[in-house]
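Understanding the architecture of this molecule
Now for the letters of each chain:
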Amino acid sequence: MINHFIAQTGRYLAAASLLGAMLAPRPAVADSSLTISYGRQTLRLTHAVTYSGHSAVGIADPAFVALLRATGALLSWKTGQRYVLITTSTPTIVSFALGSPRYDLGPTTVQAQFAPFERGGEPYLPFDDVVRALGLAAHREGGTVVLAAGAPNAPEPAQASPTPEPLPPSPAPSGATMVTGVDVTSSDQGLTVAVAISGDATYEWHRLRDPDNRFWVDIKGATLQGPPIEQNEPAPLVSMRVRQDEPDVVRIALTLEGPKGIAVEPSTTGLGIVVSSQDVAEAPRAGNGSVGSVVSEGQIATAAVTPAPVEEPAQPGSGAEENGWKFGPRSGYVPTNPRLIVLDPGHGGSDRGTIHGGVAEAELTLDMAKRLRDILVAEGWQVKLTRSSDVDVYAPNDSAHDELQARVDVANRAGARCFVSIHANAFINAGPYGTTLYVSKPEDYALAHSIEGRLADDGTKDDGIIKAHYYVTFHTKMPAVLIETAFLSNPSDYALLTSPEWRQKVAQEIADGIERYARDNPVR
Amino acid sequence: MLLLIVAAAGWYWFSHQQQQRGGTIALYFTKQDGSSLGKMLVSMRPRRADESASEYRANLARYAAVQAVAGPPNDVAAIRFPPGTHVRSLTLDGPVANVDLSAEVERQAGGSFAETGEFKALVFTLTAIPGIDGVQVTVDGNRVSTLPGGHLELDQPLHRADW
Ligand SMILES: [Zn+2]
């Protein structure tokens, strides 16, 4: 009870002292002007103020917005939000919090020159900190701050930065910090190396690239209690070494069995290093952070861990085979028109689809659909095209919803046996190629499998059947598939797509697949 | 009085020392095969003293969405949102995260390959946060059926089961 009373009193006093701090005269905010140059641009910041001797810039400042854009950075903030997030070009997320004197730069927490504040409804950020976070080097030439790319965006020690402002004190470890023990325990996922640390410290880790699978973490500002350790460890580790590497640096070095996933995370007792038994393809190779009250005082602790890729056993990327409901209940759909097939040439009219080398997807899809129609009709099928010329299906320049729903309506109203939408794929680089079949509903798989079986030797790679919530396959009541025939963005696929012979061959294979499907899945 | 303030500040500091560390956010990205996922763990700061649990969750979700839209470090091959795409806002509505993306998301290279991979990464990242199971995307504040010339349906929340 007395303790409770003390705690309550403490709480009030704490609140009162915080209030006092808030009411205490703040450093004056004075309008100032700041001219910056970046590349060939000279920009004048108009939302610049001086705050406790430092430059602050408002996030809506047009020149600041232009600077962000020029560096490839993006800013995210809306009225009422406390956090201003900036994504740099690397990309690193920089998170400023209004009223907080520290900010998160990717995995590390950094001291800012001052806490960002709101003025006239606009957040103002410490300009020098933003500049550093963007990876820019700054120096003054007369009244202009000259910014140049190329500085590492980690905060630099003072001598490396010619900016006139003194740099904020970094959260230096204080007191005698000891590494008091290192424990290795195994779990389902792999091994955990628990490093017990008393006091505050910062750490920095590195790993080498496969096949040299060594990893080490330096605990800085710490002394190793007891003798060095050197011992073999069970898989996925090979061995571990712990030693005083420098007078104030304890190094923990691990040799891994292979390119294993590693996560480094501060814990309440020190630092945890989780070594996954799974190999990872792209592992970050370095990171840093801090442990102790440096991170746990609560004010602004941290995103203190560098991204470490981990295996994802639960989500193997979808695909027909992994998907549970492939064998699920069939829909109760009964086609009122069992001899009718609806073909949907993707895009058209105002929507050209993807365009490469002057070739528009909308034209290719129509050509392939017409070839397919002719083959199916010759085989005795009735065929309806959602469009038979280069037009919007619903209305010229219609909305995506009206356009796609109109295509779905054609098939649903006609009670068709199945729906086949034909497309050509693209990516921002020439790498991806191949044929992919997309499905949305359980009953789509049988149709997709039958067609895939024929398309598998269409001359490009078989990229399989992928589930996705596509509008036309999802909303059609009958079995449906959207076929991305090949990639216009890949040179060899492009050569195929632009060849009439290949388009005829693909049409024939899709027709064979539909035949096969109809034979294997007779209408009751 | 000064002593009291110092004592109170000391108490305040001490009582927040034991604060739990923040959780980790799983950042998913879609590999360049178009469908398989990579995952990175990014740790999130702990809840601040002046932040309610629901604010913290919303901030966490927003941070995760910004991470997912930014993608993994540039040297990791991944399917990425079109350059300039950013999260305008994120609000939580029960189990659904409403993510408002900037109009740059409409600058797709065409083809469903990238479109599908981009949203898969966003949905898997956000739904890795406990309590979130759906993602409603808007573009520049507007509900859209699909992106212009797009394939993926966006006028209702996306779920993991959609992939
Ligand atoms: Zn298409």
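Rules and cut-offs
Residues numbered from 1 in each chain as written. Chains lettered and ligands numbered in written order. Predicted model: local features only at pLDDT ≥ 70, side-chain atom pairs only at ≥ 80, totals over all residues. Heavy atoms only, no water. Pairing = 2+ DSSP bridges. Helix = DSSP H or I, 4+ residues; strand = E, 2+ residues; numbered from the N terminus. Axes fitted to C-alpha atoms, helices over the stretch in contact; angles between N-to-C directions. Expected span 1.5 Å × (residues − 1). Buried < 20%, exposed > 50% of the residue type's maximum accessible area, 1.4 Å probe, protein only. Contact = heavy atoms within 4.5 Å. Polar contact = N/O pair within 3.5 Å; in protein donor to acceptor, adjacent residues only side chain to side chain. pLDDT = per-residue confidence, 0-100. Core = buried A, V, L, I, M, F, W, Y, C linked by side-chain atoms within 4.5 Å. Domains from an automatic or database assignment. Parallel < 35°, antiparallel > 145°, perpendicular 65-115°, else oblique. Left-handed = near helix turned anticlockwise from the far one by under 90°. Nonpolar A, V, L, I, M, F, W, Y, C, P; charged D, E, K, R; others polar.

Some points on the sheet that holds strand S5 (residues 54-58) of chain A
Residue and element names in this part refer to chain A. Here five strands make up an open sheet; going across it, the order is S1-S4-S5-S12-S11 and the pairing antiparallel. Edge positions in the open sheet fall to strand S1 (29-31) and strand S11 (117-119), since each of these has one partner strand only. Pairs of neighbouring strands in the sheet enclose a mean axial angle of 40°, with direction left out of account.

Notes on helix H10 (residues 500-520) of chain A
Residue and element names in this part refer to chain A. Taking 1.5 Å of rise per residue, the 21 residues of H10 would be expected to cover 30 Å, and the 30 Å separating its terminal C-alpha atoms lies within 8% of that figure. For H10, every residue scored as buried is listed here: Trp-502, Arg-503, Val-506, Ala-507, Glu-509, Ile-510, Ala-511, Gly-513, Ile-514, Tyr-517 and Ala-518. Residues of H10 that are buried sit in contact with strand S27 (337-345), helix H5 (361-378), strand S31 (416-425), helix H7 (444-455), strand S34 (480-487) and helix H9 (491-497).

Remarks on helix H2 (residues 62-71) of chain A
Turning to H2(A), its buried residues number three or more, namely A:Ala63, A:Phe64, A:Ala66, A:Leu67, A:Leu68 and A:Thr71. N-cap assignment for H2(A): the residue whose side-chain oxygen lies 2.8 Å from the backbone N of A:Ala63 is A:Asp61.

Quick look at the confidence of the model for chain B
All names here are of chain B. When pLDDT is averaged across chain B, the result is 84; 86% of the residues are at 70 or more. Confidence drops under a pLDDT of 50 for residues 11-21, and excluding neighbours within four residues, the segment shows 29 contacts in the predicted structure. In the predicted complex, the global pTM is 0.66; the interface-specific ipTM is 0.83.

Some points on the nonpolar core
Residues B:Leu101, B:Phe119, B:Leu122, B:Leu126 and B:Leu152 are the most contacted members of the largest nonpolar core, which totals 67 residues. Among the elements that make up this core, the one with the highest residue count is helix H2 (residues 53-70) of chain B (ten residues). Both domains that furnish three or more residues to this core are identified here as domain 2 (29-149) and domain 3 (340-520) of chain A. Those residues in contact with B:Leu152 that sit more than four places away from it in its chain are A:Ala468, A:His469, A:Tyr470, B:Glu115, B:Phe119, B:Ser145, B:Thr146, B:Leu158 and B:Trp163. One finds A:Val420, A:Ala424, A:Val481 and A:Ile514 within the second-largest nonpolar core, a separate group that totals 37 residues.

Brief notes about the packing of H5(A) against H10(A)
Residues and elements named next belong to chain A. Put simply, H5 and H10 touch, their axes get as near as 8 Å, and they point 50° apart. Taken together, the axis directions place H5 and H10 in an arrangement best described as oblique. In the packing of H5 onto H10, the handedness of the crossing is right-handed. Only Pro-500, Arg-503, Gln-504, Val-506, Ala-507, Gln-508, Ile-510, Ala-511 and Ile-514 of H10 make contact with H5, whose side of the interface consists of Leu-364, Asp-367, Met-368, Arg-371, Leu-372, Ile-375 and Leu-376. In terms of residue class, the contact of H5 with H10 is built from eleven nonpolar, two polar and three charged.

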